[in-house]
Amino acid sequence: MTLKHLTIAVGIIRNPRHEIFITQRDAGSHMAGFWEFPGGKVEAGETPEQALIRELDEETGIVPVSVQPLKSVEHAFDDRRVTLHFFLVEAWQGEPYGREGQPMRWVPQHALREEDFPPANAAIIALLKA
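This is a predicted model, so every value here is computed, not measured. Each chain carries its own residue numbering, running from 1 in the direction its sequence is written. Per-residue local features are limited, in this predicted model, to residues with pLDDT of at least 70; the limit for side-chain atom pairs, both in listing and counting, is 80 or more; totals at the level of whole chains, interfaces and linings are taken over all residues. Based on all heavy atoms of the structure, the side-chain values leave hydrogens and waters out of the count.

**Focus on helix 1 (residues 48-60)**
Because the α-helix completes a turn every 3.6 residues, residues three or four places apart line up on one side. Helical segments are the DSSP runs of H or I of at least four residues, strand segments are the runs of E of at least two, and each set is numbered from the N terminus. To estimate how far a helix should extend, the number of its residues minus one is multiplied by 1.5 Å. Over its 13 residues, helix 1 extends 17 Å from the first C-alpha to the last, a length consistent with the 18 Å expected when each residue adds 1.5 Å. For helix 1, the complete set of buried residues consists of Ala51, Leu52, Glu55, Leu56, Glu59 and Thr60. Each buried residue of helix 1 lies within a common arc of 130° when the element is viewed along its axis, so the set occupies one face. In this analysis, two residues are considered to be in contact whenever any of their non-hydrogen atoms come within 4.5 Å of each other. Here the buried face of helix 1 lies against strand 1 (4-13), strand 2 (19-24), strand 4 (39-41), strand 5 (63-76) and strand 6 (80-93). Where helix 1 ends, the next residue or the one after it, Gly61, has phi of about 75°, a positive value. Between buried and exposed lies partly exposed: a residue is buried under 20% and exposed over 50% of the maximum accessible area for its type, with that area taken using a 1.4 Å probe on protein chains only. As used here, the arc is the angular range of directions from the helix axis to the C-beta atoms.

**Considering the layout of surface pockets**
Each pocket or cavity is described by its volume, and for the largest pocket that value is around 760 Å³. Think of a 1 Å grid over the protein atoms and nothing else: a 1.4 Å probe that fits but is trapped marks a cavity, an open set flanked by protein within 12 Å on at least five of seven lines marks a pocket, and residues with an atom within 4 Å of a point count as lining. Surrounding the largest pocket, 32 residues form its lining, Arg25, His30, Glu36, Gly39 and Gly40 being those nearest its centre. Going through the elements one at a time, strand 1, strand 2, strand 4, helix 1 and strand 6 are the ones with two or more residues in the lining of the largest pocket. Each residue belonging to the lining of the largest pocket can be placed in one class, and the counts come to 13 nonpolar, eight polar and 11 charged. Grid points are joined across faces, edges and corners, and a volume is the space filled by probe spheres set on the points. Each residue receives one of three labels: charged for Asp, Glu, Lys and Arg, nonpolar for Ala, Val, Leu, Ile, Met, Phe, Trp, Tyr, Cys and Pro, and polar for the others, Gly being one of them.

**What about the UniProt feature "domain: Nudix hydrolase" (unreviewed entry) in the chain?**
UniProt positions are given in the numbering used here, feature names are shortened, and annotations may be inferred rather than shown by experiment. The feature "domain: Nudix hydrolase" (unreviewed entry), as annotated in UniProt, sits at residues 3-130 in this numbering. Annotation note: span residues 3-130, helix share 16%, strand share 42%, distance between end C-alpha atoms 32 Å.

**Focus on the UniProt feature "binding site: 8-oxo-dGTP" (unreviewed entry) in the chain**
As annotated by UniProt and renumbered to match this structure, "binding site: 8-oxo-dGTP" (unreviewed entry) occupies Arg25, His30, Glu36, Phe37, Pro38, Gly39 and Asn121. For the residues just named, distributed over 97 residues, the greatest C-alpha separation is only 14.3 Å, placing them together at one site. None of the other annotated residues line the largest pocket; only Arg25, His30, Glu36, Phe37, Pro38, Gly39 and Asn121 do. Topologically, Phe37 is positioned in the loop between strand 3 (35-36) and strand 4. Those residues in contact with Phe37, other than ones at most four positions away along the chain, are Val10, Gly11, Ile12, Ile20, Ile22, Phe86, Leu112, Phe117, Asn121, Ile124, Ile125 and Leu128. With a relative accessible area of 0%, Pro38 lands in the buried category. If we ignore the near neighbours within four places in the chain, the residues touching Pro38 are Ala9, Val10, Gly11, Ile13, Phe21, Thr23, Leu56, Glu59 and Thr60.

**What about the pattern of salt bridges?**
A side chain with one charge may pair with a side chain of the opposite charge, provided their charged atoms come close. Within this document, salt bridges are pairs made up of a side-chain nitrogen of Lys or Arg and a carboxyl oxygen of Asp or Glu, the two lying within 4 Å of each other. All told, the structure shown has 11 salt bridges when counted by the stated rule. Through salt bridges with shared partners, a single network forms among Glu46, Arg54, Glu55 and Glu58.

**Quick look at the sheet that holds strand 6**
Pairing in this open sheet of four strands is mixed, and the strands run 4-1-6-5 from one edge to the other. Strand pairing shows two members of the sheet lacking a second neighbour, strand 4 and strand 5, which therefore form its edges. Recorded for the sheet is a direction-independent mean angle of 20° between the axes of neighbouring strands. Criterion used throughout: strands pair if DSSP finds at least two bridges between them. Pairing of strand 5 with strand 6, which is carried by 11 bridges, proceeds in the antiparallel orientation. Residue pairing for strand 6: Ser66 is matched across the bridge by Ala91. Axis angles are defined between N-to-C directions and span 0 to 180 degrees, where every axis is a line fitted to C-alpha atoms and, for a helix, only to the segment in contact.

Shown next as structure tokens:
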């Protein structure tokens, strides 16, 4: 059986106080209830950076001014394999909010907890807390 493979672009939105903007996964989604960094699937014909800009507008209402690639992570679940492209976003237009009605919050970077996020995020959380 071949696992479904998804490529995901993820934004680490960090303000000048080193707080990170996170949102909670919808009850009907894969890994429901966990907190996440905003982002989503890279569509056909898109680069991860283009997908990130589109997804952040759709999910949080912001337009990134600049994005910096941080790390790419491969992770296999029982039913799928994902490649996550993480980008640091420290400059944007607008004020981020849960545009799709999802719960959201700002968390001090040092207070991020791996257990609050899907397992595929562990490496990036460790990097952010280093």
